[in-house]
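# Notes for the structure review
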Amino acid sequence: WRRLNQRLELGAEVQLLADAQGSGRVDGIATVGFKMDTVYSSLRSSLDSQGKISTVLEQRIAPNIAMLVMGELDYGKGLNEPAKLGLGFNFEF
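I will try to describe carefully the structure that is included in this document. (Residues numbered from 1 in each chain as written. Predicted model: local features only at pLDDT ≥ 70, side-chain atom pairs only at ≥ 80, totals over all residues. Heavy atoms only, no water.)

## What about the pattern of salt bridges?
A side chain with one charge may pair with a side chain of the opposite charge, provided their charged atoms come close. Let me state the cut-off plainly: For this document, the term salt bridge refers to a Lys or Arg side-chain nitrogen within 4 Å of an Asp or Glu carboxyl oxygen. Working definition: helices are DSSP H or I runs of at least four residues, strands are E runs of at least two. Numbering for both runs from the N terminus.
A full pass over the atoms with the stated rule returns six salt bridges. Between K84 and E72 there is a salt bridge, with its nearest N and O atoms 3.6 Å apart. You can see K84 sitting in strand 7 (residues 84-91) and its partner E72 sitting in strand 6 (residues 65-74), a full 12 residues away along the chain. Put simply, R44, E58, R60 and E92 are held in one network by salt bridges that share partners.

This is the structure in structure tokens:
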């Protein structure tokens, strides 16, 4: 994780997953992502080595209310897997 300036952050992560059953299989996933903040919104996105792209846009509507738009596309599973799109609201009390 690295903050480049007041509004932009970049990050990278590597996961190694070992099979505890004793088969000796080890899988690895590398992920890179960014977060960009503006006055009223925040955009987060990531891409991993298995072909998954995820994005979340959080837009402030009022001081305690935010609208979220989320999307996910998985190229690793091919065209048989549909893209996901979500819409949500966040209320803070």
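## Re the sheet that holds strand 2 (residues 8-18)
Put simply, the test is: Pairing between two strands requires that DSSP report at least two bridges joining them.
Spatially, the seven strands line up as an open sheet ordered 1-2-3-4-5-6-7, and their pairing is antiparallel. Of all strands in the sheet, those bounded by a partner on one side alone are strand 1 (2-3) and strand 7. As judged from the 10 bridges shared by strand 5 (residues 52-62) and strand 6, these two strands associate in the antiparallel manner. Within the sheet, the bridge partner assigned to T55 lies in strand 6 and is G71.

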